[in-house]
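Each chain, written out:
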2 protein chains.
Amino acid sequence: MSKNVVNPGGTESQDVTRQPFPQSRKIFVEGSRPSIRVAMREVDLTPTRSRTGEILTENPPVRLYDTSGPYTDPAAEIDLEKGLPPLRRPWIEERKDTETAGRAAAAESPCNAASFPRQFTPVRAISGARITQMDYARRGIITPEMEYAALREDLLPPSTEGNPDRITPETIRAEIAAGRAVLPANINHPELEPMVIGNRFLTKINANIGNSALGSSIAEEVEKMVWAIRWGSDTVMDLSTGKDIHDTREWILRNSPVPIGTVPIYQALEKAQGGPESLTWELYRDTLIEQAEQGVDYFTIHAGVLREFIPWAAARTTGIVSRGGSIMAQWCMARNEENFLFTHWDDICDILAAYDVTVSIGDGLRSGSMRDANDRAQFAELRVQGDLTRRAWEKGVQVINEGPGHIPMHLIRENTDRQAEWCTGAPFYTLGPLVTDIAPGYDHITSAIGGALIGWYGTAMLCYVTPKEHIGLPDRNDVREGVVTFKLAAHAVDLAKGFPGAQIRDDALSKARFEFRWRDQFALSLDPEKAFEMHARSFPEAAKGGVHFCSMCGPKFCAMEISRNLCAYAKDGAAPAGGENA
Amino acid sequence: MSKNVVNPGGTESQDVTRQPFPQSRKIFVEGSRPSIRVAMREVDLTPTRSRTGEILTENPPVRLYDTSGPYTDPAAEIDLEKGLPPLRRPWIEERKDTETAGRAAAAESPCNAASFPRQFTPVRAISGARITQMDYARRGIITPEMEYAALREDLLPPSTEGNPDRITPETIRAEIAAGRAVLPANINHPELEPMVIGNRFLTKINANIGNSALGSSIAEEVEKMVWAIRWGSDTVMDLSTGKDIHDTREWILRNSPVPIGTVPIYQALEKAQGGPESLTWELYRDTLIEQAEQGVDYFTIHAGVLREFIPWAAARTTGIVSRGGSIMAQWCMARNEENFLFTHWDDICDILAAYDVTVSIGDGLRSGSMRDANDRAQFAELRVQGDLTRRAWEKGVQVINEGPGHIPMHLIRENTDRQAEWCTGAPFYTLGPLVTDIAPGYDHITSAIGGALIGWYGTAMLCYVTPKEHIGLPDRNDVREGVVTFKLAAHAVDLAKGFPGAQIRDDALSKARFEFRWRDQFALSLDPEKAFEMHARSFPEAAKGGVHFCSMCGPKFCAMEISRNLCAYAKDGAAPAGGENA
């Protein structure tokens, strides 16, 4: 780890986290060409043994979807100043439909952060070329990105070859062509390990990072990205505001194996100086191009906040709780004009299409409280999101729709049903939703409940919420807690959807648990370090391994232990040895 | 707090937690007679003010259901050696259907703990008298306990008098008479503040405490009870095993304002010395009487684990994960006899009826992993639970049914549907269920997701799970985390069920949040201390009050702040003052 010293901000040195996971190896599943090498994690398990130590059965390794990139691979050389290897570059170049773009101006405000040292040459579509993954999918072409994503989604062991449940590249292509899935992969983000977001695929999660006006340095932001993907975040949104926004993003993008999303209006507002009402289309357009040329994979754009909806939202218990939504609402009211993101939608889509930036149509009027859930303002915007979705598709732009928010459980279903209908099946991407307002400090949990439910109803990606939601700035532990919480909710969804590869991990972990293979249990868990630490703190002796009872109950009362005796008894016809429990 | 020194174990001195909640007063709602004084918590709120400090509107206090007993009332005198005042005693005595019971022998094993200093004289039903709350309900009688519980459930403000949604004593009576609700209130637990458990009422939660062979002292156990009810636990199960089990329970009962549950087979097994197979009916019967005379309000009894089901369970991925279930299974197999809890069911019910102990029919064969969910063993036992329910009702015994366990989301509904049908509407009481196996260290969350779902489907009480489930012994923080997590899940259920009083708290908190009344927001939250601490840590200046933006976004980007300006604008027709944001 000490080799990977980073000094992006010029002010402090910092390592990025590179600890491999216990009992885990990075493996690479090769596709139809040598350059398609899909990184996965494989967890080695110990054999099942009898009391006397004989091996009864071997336990095969378990293959896991891996978002952590090369950082958890001890064999990978990481140098944050060089960035990750641009594995997609040959795929992009061989398509011969892009050309060098004039690099857009960087942030205009004075910059305190070190610029990324390597000059990156952005590309864009050759005039007239249709280059998005959706364009290719519609033409019947399976790109290397699609094949990569397909191999990644498919967690069935190789022995089940030919199983109709397997995810194939053709499935991915067809879903993208229909708009039911997106593969967010800006042509200027060649470092990306391609992944897919859609209702038919594994449920994805997003973590937000951001420097915020009140804290953080660039160095911390890069590590936050590495930290978030370590625990399972499938994409990362950089919600930075403030001075160093352009350079922060460059460091993150060049070192990110996952799609990066942003909300460009934040940077545009920084440039506008005088507050929301001084925003202009030109300022915003230039910001879009700047970020697209850096390689941002998806943009949140609040184009559905129409002027006529604002009075409805203003009359609510909690008004407008989306930052982007409130900025645009203030713009509309102050200028007495229609939202320029709406009026310039075609222009926006033309820019996105030239770089294959996916659009995440924001829900600026989402509910911020139980009382405001599913109200007129929220659903009026959702209808507009649907119109914008179809217009973007016409230009080949990949689309996801953002959703709420704060919604009591019984009103969640209406959201997915309407979104699916009004937005013609485009992937849904929700923030929680929180299912009660009364638990600040525990809102990762209130939102994981809503997230699990809305995921099961068909939401393709869940945006995480940390325990600090509403009350403070998330620190490192909050980010981990939020990511793991949403990962477990997403996994619960995958089980409930009956995805064939999902339950393999649960089965292996439960078998390890029942057989008191503690280390295997921890290695298979979402957060092996935390599980091990908690166990060791309660029970220092047991943590050293080999103890045949769980620390909850003690030796005499251990249900698992009695039950194991019983299983042996049921098999052998011999009485279980009651005295042997300790 | 220093006045309330406790020294129950004789070995260490300890305070119980008595900190009142911020901005909160204990109030007492009086019923039809002066002795019915229902304790509630009322939270005072500050007024809504303009920027210049003028009062725009007063915010009325919010009344909250309060499980914490006299401990959070600064006016209450607490002396753990005397126990709480026996508020139910006059109600029990005026019914003239009980007589002094011969106190059953205490635990036979050598006892290290101090005995409770005050001699408590137990009572039991006069021979032939039917004295349970169910018996009274069936005879059309509304007991003071039912009236107390009704006033407690009813969270609507007094101004809504006459509203058909109000919970009335007659509603409570009718539900208890039909078996759809229970009011667990042993006649030997006069210190109890009566409460009701049923699908039509607020969702309840239970916290487990226990000394376990490997840790804890009696002093810690009493404080654990006080701690669990402080954060919102509606009942507490004492799952202690080991030497001081009798005295531990006595200290807890005499000081508990909430129903206490136990699993009597644990103590019987202690007495049996030689392991499960040396258990006898006589030993168990005496244990039931001993605990009933102490005042335990409900017993978990694993009478549905029939011998013929055991081979099915033994063949599972995780066998039997219930302690009581595995003890009984081992007994059946070793003795080659039918479960004596099943064969002695009528005898058991006669004992329960004499003290009004509610029975919680255990689910000894609940699933312990995704793979085992809803299998033959689990549902075979559930059918038997239904038969046992109806037989108990014949004797006037109040019944709840315990349920799983580990269940993926899509299989949860089948559990509530079958339980409702097979157990004829008796209240369901579930452990979680956990919706995935792969998150040890986060199982309070995996189970809160399942808990929220199964609660919405009709489960009346949720047993909490702590973050240490499967991996260690919960400490004080784990108990708090588990209780608050389940409280928020239960509240989410109450919102989803549309209970008229439930959303008042959410509305008040969200209004406070939108108006930047931080202290009010914290005071209304489930864990005011944690919310305040997290806020203060992120943002020490703001925590001192009065800052008009949220620490998440900073002054320039605060959506709430922009939105508030907007609301003012929408009302006044004047442009919002963009420069005022800080």
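Treat the numbers as computed from the prediction; the structure is a model and nothing was measured.

A. Layout of the interface of chain B and chain A. In this assembly, 107 residues from chain B lie in contact with 109 residues from chain A. Across the interface of chain B and chain A, roughly 9200 Å² is buried in total on both sides, 69% from carbon and sulfur atoms. At the boundary of chain B and chain A, one finds 2 salt bridges. In this structure, arginine 371 of chain A and aspartate 507 of chain B form a salt bridge, with 2.5 Å as the shortest nitrogen-oxygen distance. The interface formed by chain B and chain A includes 18 residue pairs in polar contact (both at pLDDT 80 or more). Considering each element in turn, the side of chain B that touches chain A owes the most residues, 12 residues, to helix H16 (residues 476-496) of chain B. Here the side of chain B that touches chain A is built from residues that sort into 58 nonpolar, 31 polar and 18 charged.

B. Here's a closer look at the packing of aromatic side chains. This model, assessed by the stated rule, comprises 26 aromatic pairs over all chains. Seen from their ring centres, tryptophan 331 of chain A and phenylalanine 340 of chain A are 4.9 Å apart, and the 75 degrees between their planes marks the pair as edge-to-face. Judged by its relative accessible area of 3%, phenylalanine 340 of chain A falls in the buried class. Plain terms: the ring middles of tryptophan 518 of chain B and phenylalanine 522 of chain B are 6.1 Å apart, the flat faces sit at 40 degrees to each other, and that makes the pair tilted. Of the two residues, tryptophan 518 of chain B and phenylalanine 522 of chain B both sit in helix H18 (residues 518-524), 4 residues apart, roughly one turn of that helix.

C. Quick peek at the packing of helix H15 (residues 443-456) of chain A against H16 of chain B. Viewed as axis vectors pointing N to C, H15 of chain A and H16 of chain B meet at an angle of 45 degrees, and their least axial separation amounts to 10 Å. The orientation of H15 of chain A relative to H16 of chain B falls into the category oblique. Viewed along their axes, H15 of chain A and H16 of chain B form a crossing whose handedness is right-handed. Contacts between H15 of chain A and H16 of chain B involve Ile445, Thr446 and Ile449 of chain A from the first element and Thr485, Leu488 and Ala489 of chain B from the second. Class assignment for the residues of the contact of H15 of chain A with H16 of chain B results in 4 nonpolar, 2 polar and no charged.

D. Layout of helix H14 (residues 412-422) of chain B. All names here are of chain B. Within H14, the full set of buried residues consists of Ile412, Asn415, Thr416, Gln419 and Trp422. All buried residues of H14 lie within an arc of 150 degrees about the axis, which places them on one face of the element. Buried residues belonging to H14 abut helix H13 (376-394), strand S17 (399-403), strand S18 (428-431) and helix H15 (443-456). A positive phi of about 50 degrees marks threonine 424, the residue just after H14.

E. Layout of the confidence of the model for chain A. Residue and element names in this part refer to chain A. Counting all residues, the mean pLDDT for chain A is 89, and 89% of those residues have values of 70 or more. Every residue in residues 1-14 scores below 50 in pLDDT, and together they form 33 contacts with partners more than four places removed in sequence or on other chains. Confidence drops under a pLDDT of 50 for residues 573-582, and excluding neighbours within four residues, the segment shows 16 contacts in the predicted structure. For this predicted complex, the interface score ipTM comes out at 0.94, alongside a pTM of 0.94.

F. The arrangement of the relation of the copies chain B and chain A in detail. Of the transformation placing chain B onto chain A, the axial shift is 0.0 Å and the rotation is 180 degrees, giving an RMSD of 0.0 Å. Taken together, the rotation and translation relating the two chain copies correspond to the operation of a two-fold axis. Across chain B, the smallest distance between a C-alpha and the rotation axis is recorded for isoleucine 449 of chain B, namely 2.4 Å. Of the interface residues in chain B, 100% have counterparts in chain A that sit at the interface too, so the contact is made through matching surfaces.

G. Highlighting the packing of helix H7 (residues 264-272) of chain B against helix H8 (residues 281-294) of chain B. All names here are of chain B. As a packed pair, H7 and H8 sit with axes 9 Å apart at the nearest point and diverge in direction by 125 degrees. Judged on the interaxial angle alone, H8 and H7 are oblique. Two packed elements cross with a definite hand, and for H7 against H8 that hand is right-handed. Of H8, the residues touching H7 (which contributes Pro264, Ile265, Gln267, Ala268, Lys271 and Ala272) are Leu283, Tyr284, Asp286, Thr287, Leu288, Glu290 and Gln291. For the contact of H7 with H8, a count of residues per class yields 7 nonpolar, 3 polar and 3 charged.

H. Quick peek at the pattern of salt bridges. What the rule picks out here adds up to 76 salt bridges over all chains. With its nearest N and O atoms 2.8 Å apart, the salt bridge here joins arginine 230 of chain A to glutamate 529 of chain A. Of the two residues, arginine 230 of chain A is situated in helix H5 (residues 218-230) and glutamate 529 of chain A in helix H19 (residues 528-538); the sequence distance between them amounts to 299 residues. For glutamate 529 of chain A, a relative accessible area of 24% corresponds to the partly exposed category. Two residues, arginine 25 of chain B and glutamate 42 of chain B, come together in a salt bridge whose shortest N-O distance is 3.0 Å. In this pair, arginine 25 of chain B is assigned in strand S3 (residues 24-30) and glutamate 42 of chain B in strand S4 (residues 37-43), connecting sequence segments 17 residues apart. Within the structure, one salt-bridge network assembled from shared partners comprises Arg25, Glu42, Asp44 and Arg63 of chain A.

Basis of the calculations
- Residues numbered from 1 in each chain as written.
- Chains lettered and ligands numbered in written order.
- Predicted model: local features only at pLDDT ≥ 70, side-chain atom pairs only at ≥ 80, totals over all residues.
- Heavy atoms only, no water.
- Contact = heavy atoms within 4.5 Å.
- Buried area = accessible area lost by both parts, 1.4 Å probe.
- Salt bridge = Lys/Arg side-chain N within 4 Å of Asp/Glu carboxyl O.
- Polar contact = N/O pair within 3.5 Å; in protein donor to acceptor, adjacent residues only side chain to side chain.
- Helix = DSSP H or I, 4+ residues; strand = E, 2+ residues; numbered from the N terminus.
- Nonpolar A, V, L, I, M, F, W, Y, C, P; charged D, E, K, R; others polar.
- Phe/Tyr/Trp six-rings, centres within 6.5 Å; stacked < 30°, edge-to-face > 60°.
- Buried < 20%, exposed > 50% of the residue type's maximum accessible area, 1.4 Å probe, protein only.
- Axes fitted to C-alpha atoms, helices over the stretch in contact; angles between N-to-C directions.
- Parallel < 35°, antiparallel > 145°, perpendicular 65-115°, else oblique.
- Left-handed = near helix turned anticlockwise from the far one by under 90°.
- Arc of directions from axis to C-beta.
- pLDDT = per-residue confidence, 0-100.
- Least-squares fit on C-alpha atoms with pLDDT ≥ 70 in both.

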